[in-house]
Amino acid sequence: MPFDQVRAVLSLFVGYVPSSKTIKQAALGLGSLAFQWFELAPISPGDGQVLVVMFDSKGIPTATDRELKKRRGKRKKKGKAASPRHRGRQRRQTWQCRRKRGKKDMSKNARMCTVVTMFTLKCDGDLLFGPINKETFASFGPKELVFQWAQRRATKRGFGPDSGKTVQVVTD
């Protein structure tokens, strides 16, 4: 949620509402401590017998100001071609030369965020009930970081490599 909207929501529940800049700084300051908190967070009691771990990655678009301006600007009126045969030539003449990109400057370059969600299911005969004690963790760091966190958290929940319990991993 954008920080301006956070202010609007806070104004409904709290008497004093700080500026958007203060809210942003608080979120970034607390965000730097989030990983430590996740590592130290206690395990909720009453877990089920089956652990489900779901991984997914999403790309956050990183368009430059120039690209955004180009997308949001008014469109130019295009005249009709003299004949259908010349339609493609006329369209190509309106194209602008694109600047040469750097070695790591890709047009579809997105910042990847990896998200892991873990929960357990309780067995009752052939039926599975849940989710129980659902946890979600996300990181813009390397995927390996999220997989290591999930492994440590699963072991802490009693689903380690030598536990003999069922662990289902879902990924795409």
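Report on the accompanying structure. As the structure is a computational prediction, the values presented were derived from the model and not from experiment.

Each value, and the rule that gives it
Residues take numbers from 1 onward in each chain, read along the sequence in its written order. For this predicted model, a pLDDT threshold of at least 70 governs which residues receive local features, and a threshold of 80 or more governs which side-chain atom pairs are given and counted, while totals over whole chains, interfaces and linings are taken from all residues. Only heavy atoms go into the side-chain values, all of them from the structure, while hydrogens and water stay out. For Phe, Tyr and Trp, where Trp contributes only its six-membered ring, two rings pair if their centres lie within 6.5 Å, and the inter-plane angle classes them as stacked under 30 degrees, edge-to-face over 60, or tilted in between. Counting from the N terminus, the helices are the DSSP runs of H or I reaching at least four residues and the strands are the DSSP runs of E reaching at least two. Per-residue accessibility, obtained with a 1.4 Å probe over protein chains only, is compared with the maximum for each type, and a residue is labelled buried under 20%, exposed over 50%, and partly exposed between these values. Here, a salt bridge means any side-chain nitrogen of Lys or Arg that lies within 4 Å of a carboxyl oxygen of Asp or Glu. Pairs of strands are assigned from DSSP output, requiring at least two bridges between the strands. Axis definition: a line fitted to C-alpha atoms, limited for helices to the stretch in contact. Angles are taken between N-to-C directions and run from 0 to 180 degrees. Here a residue-residue contact requires only that any non-hydrogen atoms of the pair lie within 4.5 Å. An angle below 35 degrees is read as roughly parallel, one above 145 as roughly antiparallel, one from 65 to 115 as roughly perpendicular, and any other as oblique. Any residue that is not Ala, Val, Leu, Ile, Met, Phe, Trp, Tyr, Cys, Pro, Asp, Glu, Lys or Arg is counted as polar, Gly included; the first ten are nonpolar and the last four charged.

## Here we look at the packing of aromatic side chains
Summed over the entire model, instances satisfying the criterion amount to two aromatic pairs. Ring centres 4.1 Å apart and planes at 20 degrees place the aromatic pair Phe55 and Phe147 in the stacked group. Residue Phe55 is found in strand β1 (residues 50–61), and its partner Phe147 is found in helix α5 (residues 143–156); the two are separated by 92 residues along the sequence. Judged by its relative accessible area of 8%, Phe55 is buried. A relative accessible area of 40% means that Phe147 is categorised as partly exposed.

## Examining the pattern of salt bridges
Scanning the model with the defined rule gives five salt bridges in all. We note a salt bridge from Asp47 to Arg157, for which the minimum N-O separation is 3.1 Å. Of the two residues, Asp47 is situated in the loop between α2 (20–40) and β1 and Arg157 in the loop between α5 and β4 (166–170); the sequence distance between them amounts to 110 residues. Its relative accessible area of 8% is what places Arg157 among the buried residues. Notably, a salt bridge pairs Asp56 with Lys58, separated by 3.5 Å at the nearest N-O pair. The exposure class of Asp56 is partly exposed, given its relative accessible area of 26%. Overlapping salt bridges, with partners in common, bring together Asp47, Glu135, Arg153 and Arg157 in one network.

## Examining the sheet that holds β1
One open sheet accounts for four strands, arranged β3-β2-β1-β4; its pairing is mixed. Each of the sheet's edge strands pairs with one partner strand only, and the pair in question is β3 (127–139) and β4. This sheet shows a mean twist of 20 degrees between the axes of neighbouring strands, independent of strand direction. Pairing geometry for β1 and β4, over five bridges, is parallel. Note on β4: the bridge partner recorded for Val53 is Val169. Those strands touched by α5 are β1, β2 (110–124) and β3, and its axis lies near 20 degrees from that of β2.

## With respect to the packing of helix α1 (residues 3–13) against α2
Between α1 and α2, the shortest axis-to-axis distance is 9 Å and the interhelical angle comes to 105 degrees. As far as their axial angle goes, α2 and α1 are roughly perpendicular. Within the contact between the two elements, α1 uses Phe3, Asp4, Val6, Arg7 and Leu10 and α2 uses Ser20, Ile23, Lys24 and Ala27. Class assignment of the residues belonging to the contact of α1 with α2 gives a composition of five nonpolar, one polar and three charged.

## Observations concerning the side chain of Thr117
The residue Thr117 is located in strand β2 in this model. Using a relative accessible area of 12% as the deciding quantity, one classes Thr117 as buried. Once you skip the residues sitting within four places of it in the chain, Thr117 turns out to touch Val52, Val53, Met54, Lys134, Glu135 and Thr136.

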